[in-house]
Every structure is written in C-alpha cells, then in structure tokens.
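Structural description and commentary
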Amino acid sequence: MSIIVQIREKAKALGNKIVLPEATDERVVRAAVGIVADQLATPVLVGDEGTIRNFAKELGLSLDGVEIVDPKTYARTDAYVEKLHELRAAKGMTAEKAREVLLADVNFFGAMMVKMGDVAGMVSGSDSPTANVLRAGIQVVGTKPGIKTVSSVFLMELTQNTDTYGDILIFGDCAVIPEPTSEQLADIASEAAETAKNVAGIVPKVALMTFSTKGSAKHDSVDVVKKAGEILKERNVTFEFEEELQADAALVKAVGVKKAPNSTVAGSANVLIFPNLAAGNIGYKLVQRLANAEAYGPLIQGLGAPINDLSRGCSVDDIINLTAITSAQAGKQN
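Residue positions are counted from 1 within each chain, in the order its sequence is given. This being a predicted model, a pLDDT of at least 70 is required before a residue's local features are given, and a value of 80 or more before pairs of side-chain atoms are given or counted; all residues contribute to the totals for chains, interfaces and linings. For side-chain calculations, the full set of non-hydrogen atoms in the structure is used, while hydrogens and water are omitted.

**Here we look at the packing of aromatic side chains**
For any pair of aromatic rings, the description consists of the separation of the ring centres together with the inter-plane angle of the planes. Classification of ring pairs rests on two measures: the distance between centres of Phe, Tyr or Trp rings, Trp counted by its six-membered ring, which must be within 6.5 Å, and the angle between planes, read as stacked under 30 degrees, edge-to-face over 60 and tilted in between. The final tally for this structure, using the stated rule, is 6 aromatic pairs. Every member of this aromatic cluster is reached through a ring pair, and the members are Y74, Y80 and F109.

**Digging into the pairing of strand 4 (residues 121–124)**
With burial as the criterion, each face of strand 4 is covered, one bearing G121 and V123 and the other bearing M122 and S124. Two strands qualify as a pair provided DSSP detects at least 2 bridges between them. The way it works is that DSSP assigns letters per residue, a run of H or I at least four long becomes a helix, a run of E at least two long becomes a strand, and they are numbered from the N terminus. In this structure, strand 1 (residues 17–20) lies alongside strand 4, joined through 2 bridges in parallel fashion. Considered in strand 4, the bridge of V19 is made with M122. Summarising the sheet, strand 4 and strand 11 (residues 307–309) pair through 3 bridges and their orientation is parallel. Its bridge partner lying in strand 11, S124 is registered against D309. Think of it in three bands: with a 1.4 Å probe and only protein chains considered, a residue is buried below 20% of the maximum accessible area for its type, exposed above 50%, and partly exposed in between.

**Section: the environment of V237**
For V237, the position within the fold is in the loop between helix 10 (220–234) and strand 8 (240–245). Along the chain, V237 and G121 lie 116 residues apart, while their C-alpha atoms are 26 Å from each other. Residues in contact with V237, not counting those within four places in the same chain, are S190 and L232. Every residue pair with non-hydrogen atoms within 4.5 Å of one another is taken to be in contact.

**What to know about the sheet that holds strand 10 (residues 294–301)**
Spatially, 8-7-9-6-5-10 is the arrangement adopted by the 6 strands of the open sheet, whose pairing is mixed. Looking at strand neighbours, the two that pair on one side only are strand 8 and strand 10, the edges of this open sheet. Across the sheet, the mean angle from the axis of one strand to that of its neighbour is 20 degrees, orientation sign disregarded. Of the strand pairs in this sheet, strand 7 (residues 205–209) and strand 9 (residues 271–273) are connected by 3 bridges, and their pairing is parallel. For A207, the partnering residue across the bridge sits in strand 9 and is L272. The strands that helix 10 touches are strand 7 and strand 8; relative to strand 8, the one it contacts most, it runs at about 160 degrees. Here an axis means a line fitted to C-alpha atoms, over the contact stretch when the element is a helix, while the angle between two N-to-C directions is reported on a 0 to 180 degree scale.

Printed below as a string of structure tokens:
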C-alpha cells in the first residue's frame with residue numbers, strides 16, 4: 001500500500017476539519033468536493049457564502065458536506081480579533097487593525113481558525129505566495145514549545161531499489177531555510193523525526209549529512225553539522241540519529257559499516273537532514289526525477305499546529321492529498 005493511501009486512510013479515521021481559505025480558486029473548490037467524496041476530512045472554505053455557492057453552481061458542483069465561513073458574519077470573528085490583537089499588540093497591532101487584517105486576508109483568518117481550535121489545520125498557497133502563508137502561520141499559530149525553527153520536509157516514496165533503501169525516505173529541509181545554523185539543523189532533525197513517526201508511520205533513523213564522514217574532511221560547514229549532533233545529544237532526544245555522514249554512508253549498509261562502524265544509523269537511515277537548502281532542494285529533485293520517486297510536500301514543520309503551503313501550480317489532487325497529510329499531522333482532535 002502506497003504511503004499516500006495509508007495517509008488517506010488515517011485521515012478518514014481521524015475525521016478532522018481542515019480549512020482551505022482560498023475559496024475563489026476553482027481548484028480549491030473542486031478539491032473541497034473531492035475531500036468530502038473521499039471522506040478525508042470536513043473542508044472549510046472562507047468567504048462570502050453566496051459568492052462561493054454561486055461559484056460552485058457555475059462549476060456544476062454540490063457543496064454538500066463542505067462548511068463555509070464568512071469572516072464578516074461568523075460568530076467567532078470578534079474572538080479572533082481579540083486574540084490577534086493580544087498576540088501582536090507588542091508589535092503595534094490595534095484591535096481595529098486586527099479586524100482589518102482578518103477580514104482582508106484569508107490566510108490570517110484561516111490561521112486563526114487553527115489557533116483557536118476550530119479546525120485541525122490549514123492548507124493554502126494555491127493563490128498565495130509561500131511567504132504569505134508562512135507569515136500567517138508564524139504570527140498567529142507560532143512555533144512549537146522548545147522549537148524556534150519553521151522548516152520543511154518532503155516525503156519521498158521510492159519505486160526503485162526499495163530492498164536497499166526502503167519505501168519511504170524523509171528529506172529536510174528542502175524549501176525554507178537557506179543556511180541553517182546548528183541549532184536550526186537540530187530543530188529540523190527533531191521535527192522530521194516526528195513527521196516520520198506521525199505521518200509516514202516509520203521509526204526514524206536520522207542522518208545529519210555533509211560531505212564528510214566522521215572526520216574524513218575538515219571544514220567550517222562540517223563543524224555546523226557536528227555541532228547539531230551535539231545539540232541533539234544535549235536535548236536527550238529519543239530517536240536514533242548520527243551526525244556527520246556522507247549520503248552513501250547514511251544509506252548503504254556496506255559503506256556505513258566501513259565508514260561509521262559504531263553507528264546504529266549509518267547504512268539504514270530513513271530521515272535525511274541536508275546541511276543547507278541548496279543540497280536539500282537539489283537532492284529531492286534528483287531523486288524525484290532520476291529514480292522516479294513520488295515527492296509529497298513540502299510539509300511545513302515546527303509550527304504549533306499544521307499549516308501547509310501549496311505550490312501555485314498545484315493540481316486538485318495535490319490539494320486533496322495535502323489535506324489528508326495535514327489531518328495526519330494534526331492527529332486526533334478533541
């Protein structure tokens with residue numbers, strides 16, 4: 001069973017509400033209908049109800065099972081305004097400005113629905129730049145306790161050499177932080193391990209990768225990776241990890257045994273942490289194209305609740321699948 005089928009089954013069992021705030025995008029409306037048809041979640045669209053229903057009617061779609069929230073008339077809007085004012089008052093946010101933002105920016109409104117527990121997560125970005133989606137997530141939801149870093153991972157589903165590498169690998173960070181510090185690499189590793197467990201359903205073995213294995217090369221950039229490993233040790237994390245591994249030492253048993261003989265991760269890693277964004281982005285695209293792997297993501301991690309960003313070139317299926325993944329990230333809501 002493919003990873004996305006497993007995640008969709010998990011989403012069905014969870015039955016979460018997920019907000020899709022960009023209701024003026026045809027793909028989002030079609031995805032909301034598909035999410036209901038597949039019983040993956042209860043989708044929530046944001047905007048004027050009459051306008052959204054007329055739009056759906058023009059598309060020949062029924063919105064049965066889809067919830068619609070109009071910020072101008074929603075019973076919780078005043079509470080959202082009060083909360084945003086509270087969160088951003090130190091930055092000069094007045095109550096009047098908070099109301100203006102929430103009524104004008106669907107990403108901020110959707111993020112506030114997540115913050116206030118009215119939905120389990122948000123999927124946006126089909127009609128918004130990534131920066132806008134992340135800004136709403138960071139300013140409204142904030143980061144997880146003990147985590148200062150918002151980053152991303154890709155779920156890589158392999159179709160070749162699975163006997164050697166397994167079906168699923170987690171790659172991070174491939175989309176957010178250009179040059180992570182040691183502390184940020186440690187955060188990325190910790191969050192990627194959680195994603196491996198909670199979304200992919202695999203036991204994480206985390207490799208912090210570079211161009212050196214256990215002292216085979218000396219460079220300041222290698223030291224950054226080594227320091228990330230020291231930070232993880234200081235945090236007493238519960239997942240297995242190894243720092244300063246080359247890619248072959250991380251993935252190939254024979255190489256791992258030779259280059260890092262005392263490691264329980266070398267040769268069997270399934271969570272690969274790249275030293276910078278260039279390496280991560282290039283790496284996932286090479287595996288996707290040359291190895292015919294499915295790449296699901298980027299999944300945003302480090303926020304206090306799941307908010308995920310779509311490519312503006314996304315398909316309806318991309319939105320549906322990311323909604324299922326977002327629900328799986330959220331887990332069971334009370």
